[in-house]
Amino acid sequence: MAAVHGDAHGHGHDDHHPSGIMRWVRTTNHKDIGTMYLWFSFTMFLVGGFLAMGIRAELYQPGIQILEPELFNQFTTLHGLIMVFGAIMPAFVGFANWQVPLMIGAPDMAFARMNNWSFWLLPVAGTLLVSSFFVPGGAAAGGWTFYPPLSTQGGLGVDLMIFSVHILGASSIMGSINIITTILNMRAPGMTLMKMPMFVWTWLITAYLLVLVMPVLAGVVTMLLTDRHFGTSFFNAAGGGDPVMFQHIFWFFGHPEVYIMILPAFGIVSEIIPTFSRKPLFGYSSMVYATASIAILSCVVWAHHMFTAGMPTVGQLFFMYATMLIAVPTGVKVFNWTATMWRGSMSFETPMLFAIGFIFLFVIGGFSGVICAIVPIDIQVQDTYYVIAHFHYVLVSGALFSLFAGVYYWLPKWTGHMYSETLGKWHFWLSMFFFNLTFFVQHFLGLAGMPRRIPDYNIQFADFNMISSIGAFGFGLTQLLFLYIVINCIRGGEKAPQMPWDGATTLEWTHLPSPAPYHSFETPPIVK
Amino acid sequence: MRSKSVVTLSGISALALYSSMAVGSKYNFPEPQSVIARDIYDQHILLMWICLAIFVAVFGVMFYSILKHRKSLGYKAANFHHSTAVEFIWTIIPCIILIAMAYPATKTVIAMKDTSSPDMTIKATGYQWMWGYDYLQGEGEGISFYSKLSTPRAQVENKAPKGENYLLEVDNRVVVPVGKKVRVILTANDVIHAWWVPALGSKQDAVPGFIRDTWFTADKPGVYRGQCAELCGKDHGFMPIVVEVMEAGEYSKWVAAQLNASAVKTSMHVENK
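Residues numbered from 1 in each chain as written. Chains lettered and ligands numbered in written order. Predicted model: local features only at pLDDT ≥ 70, side-chain atom pairs only at ≥ 80, totals over all residues. Heavy atoms only, no water.

Enquirer: I'd like a rundown of the packing of aromatic side chains, residues and numbers included.
Expert: Each aromatic ring pair is summarised here by two numbers: the centre-to-centre distance and the angle between the ring planes. Evaluated as defined, the whole model comprises 72 aromatic pairs over all chains. Geometrically, the ring pair formed by A:Phe75 and A:Phe133 is edge-to-face, given 5.7 Å between the ring centres and 75° between the ring planes. Taken together, the residues span a long stretch of sequence, with A:Phe75 in helix 4 (residues 69-104) and A:Phe133 in the loop between helix 5 (112-131) and helix 6 (150-153) at a distance of 58 residues. We classify A:Phe75 as buried; its relative accessible area is 10%. For A:Phe133, a relative accessible area of 18% gives the class buried. Arranged with centres 6.2 Å apart and planes meeting at 45°, the rings of B:Phe59 and B:Phe63 form a pair that is tilted. Of the two residues, B:Phe59 and B:Phe63 both sit in helix 2 (residues 35-68), four residues apart, roughly one turn of that helix. Overall, the relative accessible area of 35% leaves B:Phe63 in the partly exposed class. Directly above the aromatic system of A:Trp24 lies the positively charged group of A:Arg23, at a separation of 4.4 Å from the ring centroid. Across from the ring centre of B:Trp215, 4.5 Å away, lies the NZ or CZ of B:Lys181, which sits over that ring. (Phe/Tyr/Trp six-rings, centres within 6.5 Å; stacked < 30°, edge-to-face > 60°. Helix = DSSP H or I, 4+ residues; strand = E, 2+ residues; numbered from the N terminus. Buried < 20%, exposed > 50% of the residue type's maximum accessible area, 1.4 Å probe, protein only. Lys NZ or Arg CZ within 6 Å of the ring centre and 35° of its normal.)

Next comes the structure, spelled out in C-alpha cells:
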C-alpha cells in the first residue's frame, strides 16, 4: 500500500518529511532552514540584549555597583560578538534562505544539504561563545575587536571565542557560496540580472563580500591562536611582530563586515518602500550600481578605524578621502528612496513604518559616519561614546529595524496569518522612542569626553548615562512585545490573502498563496 | 490624526530639549585649549551645520511627501521610476560638499602630524594601569615619574561621596609650560593604551614595542584632564591623564623642585652604598 501511495503522489510532489525534532535536524528545505536561522538569531539577540542590559545597569550610576570591571569587559566583548555574529548576520542569512528562492522563482537553494550543515554549525558556535562565561578566567574581555596583546593575555575564554569565530566563519562562507550559486544559476526564465528584485541584488553583492573577507578573519584569529599557544610572534613586538598588523588584518575583514550587515538591509527597505508607496523603485539601476560601489569602496577604507593607531599623513588622508566617498553612493540610495515615496500613494503599515524609521535614523548614523571619517574630528571621538552612538544608529536602527520591517512584511507569506497591526505599530513607536532615548544622548557623552568600554565614569557624565540606561531597559522590554506578536501570528490570526499589500510586485506575492507551500516553484514561473 | 500630532509634538520637543542641552554646555567638545583642538572644534561645528542643512532638505521633502502623498487622502500614485539628469545632479552635489569638507580637514591633518622642532619632548609609557613620564629634552630634561589614579577606592565602591574630579585625578600631574610646543612620544609596556587629553586635541595610541608621537601647544595655564582611550584590561577606566599647564616662571620653579628632589634621592642612594 505504501508503495502505491508513494507512486500515486509521485516523489517530486511528496510533502512527506520527518516530523518532530528530526524534521528540523534533517531538513534540507530552504523555508525550514530560514526559519531556524531566524529563531537562532532571535535567541542570540535576546542573549546579547541581556548582556546589554547588564552593561547599562552598571552604567546607570557612577561607581561600581553590579559588574566588577573584569566581568563588565566580558559583557561588552560578548555583547558585541553575539550581536554581530550571532544575531544580525544569521538573521540576514535567514531572510536570504526564505526569500531568495521565492523571489527568483527557484524551488530551493542550490546546495540543500550544505544549507543544513551551515545552519547547524551556528548553535555549536553560539554555545561555545555563551559557555565561555563559565570557564576559568571567564569569557574573552578584550572587546569584540580583540586586539592583541590584550587578547593574548586572556584565558580559555579567548580560545573558545577563536574557535567559535572559526565555526561561524565556515558557516558564513558556505551560506554565501550557496546564495551566490542559487542566484546565478536558478533564476526563473526571463529574470535577467537587471530584473532581479533589489533584495536579491544586495544579497548577491553581500555574499561576494563575505566570501572575500571571512577567510581573512579566519586567518587573523588563527594567527592570534598560534601567538597564544604555539610560540609565534605575529603580533608580539618582542618577537619581531607588530600589534598594529592585527588591526590592519582585522579591519580588512571588519569594515566590509559593516556593509555585510547593512547591504541586505538596503535590499529589504528597497522592497518595502515601493510596495507601500504603490510606485516602482526609483532609479533601479543606479541602486544596483550604488550597492556595488559601496561594496568595492568598503574594501579600501579599513584603516579609518585606526586613525589614532599611528599612520603616515598620506595614509590618514587616503583613508579619509576613501571613507568620505562612501557617502556618495549611500546618498544616492537615500535620494532614490525619497524619490520613490514622492508622489506615491503611501500607506503606513508596520513594515513601512520601520522602513521609514530605518531611513530617518540610518541617515543620522550616516552623518555621524561622515563626521567620524574626518581625521581631526575622529582623533577626538575615536573610542568614545560618540562612536558607540554612531554604530548603534547604523546597526540597530539600521540593520535591526530593517529586519523588523522585513519580518512584518513577509510574515503573512511565511505563516499565512496577518500579524496584529495595532501591536506592530506599538512595537515600532516604542522602539523608536526608546532607541533614541538610549543612543542619541551618547553622542553628547562622547563629545564631552567619555571613553567607551569603561565600567565607571566621572560624575559630569551621570545624567546622560542614566537617561541612556532607562532608554535601554525600555528598548529591551519592547523587543519582548515583538516576540509576542510573532508567536501570535504563527499560532493564528486573520488569514492572510495571497497579496496582502497592494503594491507588491515580486514573485512570492504574485505567484504563491499564503502561506507559501512547503515546496514552491517546482515548475519555474516565466518572468516577462 | 490627533494621536499622530501628539507623537510628532513630543518627538519635536524631545529633540529641542536635547539640542538646548547641547548648545553651549559641557555636552559639546570641551573648550579648546590648543590650536589643533580649536581647528577640530570649528570643523565639527561647520560639519554639524552642513549635516543639518542636508537633513532639513532631505527630510523636508520626505515628510512633505509622507503628509501629502497618502493613500488615505486619496492621492493617486505617479509612475515615474528614473531620471538620469536628477540622478546625475544628486551624485555631483554630494561630491562638491565632500570636497568642501575635506579641504580644511586636510590642512589640520598635516598640521597635527607635524611633530618637528618641539620646544620640549616628553615620553609617556602606558602600563596596566598607570602612566609613566620621562622628560627627554628641553627644560625639565631628566625628570621622571609615574602617574596613578588618586581617587580613593572607597569612592569607587560608593562608600564615600564622589568628588568633582572623580576618576580624573592623579598623584603626579604632567606639568608643561604654556605656549611651548610639547612633543609627546608614546609607547607601552604591556598592551596598547591611548593617551588622550580632549581639551588639547591630542589622542595617540601607545603601542608596546613601538614609538608613536603627537604634539600640543597649550594656549592657557590650567589643568586639563583625559583618560586612556584604548581598552587595556580590567582597570582601563581607571588610568586618567592630567596635564597641568604653567606660566614659564612657575614651570621653572617646578622643574627645579623636581630635579632637586630626585638629586636628593640619588645622593641618598649613593650614600647608602
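Here the narrative resumes.
Enquirer: Could you give an account of the sheet that holds strand 1 (residues 120-127) of chain B, with specific residues and numbers?
Expert: Residues and elements named next belong to chain B. Pairing is mixed across the open sheet formed by five strands, whose spatial order is 3-2-1-5-8. What marks the edges here is a single partner per strand, and that holds for strand 3 (144-147) and strand 8 (212-217). Pairwise comparison of adjacent strand axes, ignoring direction, gives a mean angle of 25° for this sheet. Taken together, the six bridges between strand 5 (residues 181-188) and strand 8 define a ladder with antiparallel strand orientation. Within strand 8, the position partnered with Ile-185 by the bridge is Asp-213. (Pairing = 2+ DSSP bridges. Axes fitted to C-alpha atoms, helices over the stretch in contact; angles between N-to-C directions.)

Enquirer: Give me the interface of chain B and chain A: which residues, what numbers.
Expert: Of the residues lining the interface, 91 residues belong to chain B; the matching set on chain A comes to 101 residues. Taking both sides of the interface into account, the surface hidden between chain B and chain A amounts to around 8200 Å²; carbon and sulfur atoms contribute 70%. If you look at where chain B meets chain A, you find one salt bridge. A salt bridge links A:Asp502 to B:Lys71, with the shortest nitrogen-to-oxygen separation between them at 3.5 Å. Across the contact surface, chain B and chain A share 26 residue pairs in polar contact (both at pLDDT 80 or more). Going through the elements one at a time, helix 1 (2-22), helix 2, helix 3 (84-112), helix 4 (153-156) and strand 7 (202-206) of chain B are the ones with two or more residues in the side of chain B that touches chain A. Element by element, the count of residues in the side of chain B that touches chain A is highest for helix 2 of chain B, at 16 residues. Residue composition of the side of chain B that touches chain A, grouped by class: 51 nonpolar, 24 polar and 16 charged. (Contact = heavy atoms within 4.5 Å. Buried area = accessible area lost by both parts, 1.4 Å probe. Salt bridge = Lys/Arg side-chain N within 4 Å of Asp/Glu carboxyl O. Polar contact = N/O pair within 3.5 Å; in protein donor to acceptor, adjacent residues only side chain to side chain. Nonpolar A, V, L, I, M, F, W, Y, C, P; charged D, E, K, R; others polar.)

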